[in-house]
Amino acid sequence: MSRVPTCVLSSFQAPLILHGHDPDRFVQIGSLTKPLTATVLTALAGRGVLALDDPIERFLPAPGGTGITLRHLAEHTSGLPRLPGGIRGRDPYAGFDERALDAVVRRLDTLATAPAGSAEEYSNLGYALLGAALVAATRTPYEELLRRHVLDPLGITDVGADPPADVRLCRRGLFGRPGRPWTMTGAILPAGGLWATPRATARLVTGLLVERGLGEPAPGWQRTGRLLWHNGATRGASVFAGVVPRGWIVVHRLTGASDATDKLAMDTLSAFVRSA
């Protein structure tokens, strides 16, 4: 039986902490970063700094005429592929820096696989561009935007792009040494680079989706029936966060096997719903 470090936090049962996980240490949350980036977008739109339907070329040096708006990027309807070119190897995003993103932006008209707004295709590239556009629009670093418009209003601190090594929790390798996490502090950060403690992740989920402390949920959240959710995975970590009308759950595991993490979360949540 696999002994994957596992943390399950929810509104309907006591915390379940298995095999050395720790809800108070920082873990990678992967693409759960995306709805936080989308929340920054809606906050800035609410303040009149930008509009959801602004074209991307208003903020970045993209060719005109792509039809891609900030809303398309947030809703995964930009027509852009899932990944930028050259994403490969043991640390796939390490070379995807601002210079690499700029090169992508300048040839954006050649990358679309469908007209903007015509179809949904999940895109890490789209969220990297969205984050870059928010930074350009405000002339403010991404982490500062996140702190100002999401974390501080919700009273949350334990979220960041590069926490100190001594407060991180990483998957351990064959001989017990901590595995090396992917480098995601470059241009990919707004799409999947954040770290957070599981407890902080739970506070984000409840603050944004249960209490609606910043208004209606941002377009970055996924919806399946009455379930609002998002997941995320890197090489050494996976997470699922979901909310239904009567409860919420956050599951984090130190494994990149996101399907198993999603299943554990959905099975646990479904059992609660049936018994409620």
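Here is a short report on the structure shown in this document. Predicted model, so just to flag it, every value in this text is computed and none were measured.

Right, let's talk about the overall build of the protein chain for a bit. Along the protein chain, the regular secondary structure elements total eight helices and nine strands. Relative to the compact-globule value of 19 Å for 276 residues, the protein chain shows a C-alpha radius of gyration of 18 Å, a close match. For the protein chain, the spread of C-alpha atoms along the three principal axes comes to 55 × 45 × 30 Å. The contacts of the protein chain with a sequence gap of at least 6 include a subset with a gap of at least 24, amounting to 66%. By element, 51% of the accessible surface of the protein chain is carried by carbon and sulfur atoms, the whole surface being about 12,700 Å². Averaged over its 30 positive side-chain charges, the protein chain has a centre that lies 6 Å from the centre of its 24 negative ones.

Before going further, it helps to spend a moment on the pairing of strand β8 (residues 238–244). Consecutive side chains along a regular strand alternate between the two faces of the sheet. Counting buried positions along β8 gives seven out of seven residues, so the element sits mostly inside the fold. Of the strand pairs in this sheet, strand β7 (residues 227–233) and β8 are connected by six bridges, and their pairing is antiparallel. Following the sheet pairing, Leu228 is matched in β8 by Val243. What sits between β7 and β8 in their antiparallel hairpin is a turn of four residues. Examined bridge by bridge, β8 and strand β9 (residues 247–253) share seven bridges and lie antiparallel to one another. Opposite Val239, over in β9, you have His252 as the bridge partner.

Attention now goes to the pattern of salt bridges. For the coordinates displayed, the defined rule picks out 10 salt bridges. Between Asp267 and Lys263 there is a salt bridge, and its shortest N-O distance comes to 2.7 Å. Of this pair, Asp267 and Lys263 both sit in helix α8 (residues 258–275), four residues apart, roughly one helical turn. Residue Asp267 is classed as partly exposed on the basis of its relative accessible area of 41%. By sharing partners, the salt bridges in this structure join Glu144, Arg147, Arg148 and Asp152 into a single network.

This next bit is on the sheet that holds strand β3 (residues 27–28). Ordered by their spatial adjacency, three strands build an open sheet running β3-β5-β4, and the pairing between neighbours is antiparallel. Either end of the sheet is taken by a strand with one partner, and the two such strands are β3 and β4 (159–160). Pairing of β3 with strand β5 (residues 195–196) involves two bridges; the strand directions are antiparallel. Paired with Gln28 across the two strands is Trp195, which belongs to β5.

Reading the values: rules and limits
- Residues numbered from 1 in each chain as written.
- Predicted model: local features only at pLDDT ≥ 70, side-chain atom pairs only at ≥ 80, totals over all residues.
- Heavy atoms only, no water.
- Helix = DSSP H or I, 4+ residues; strand = E, 2+ residues; numbered from the N terminus.
- Rg over C-alpha atoms; globule rule 2.2 N^0.38 Å.
- Contact = heavy atoms within 4.5 Å.
- Areas by Shrake-Rupley, 256 points an atom, 1.4 Å probe, with all protein chains shown as cover.
- Lys, Arg positive; Asp, Glu negative; His and termini not counted.
- Charge placed at Lys NZ, Arg CZ, Asp CG, Glu CD.
- Buried < 20%, exposed > 50% of the residue type's maximum accessible area, 1.4 Å probe, protein only.
- Pairing = 2+ DSSP bridges.
- Salt bridge = Lys/Arg side-chain N within 4 Å of Asp/Glu carboxyl O.

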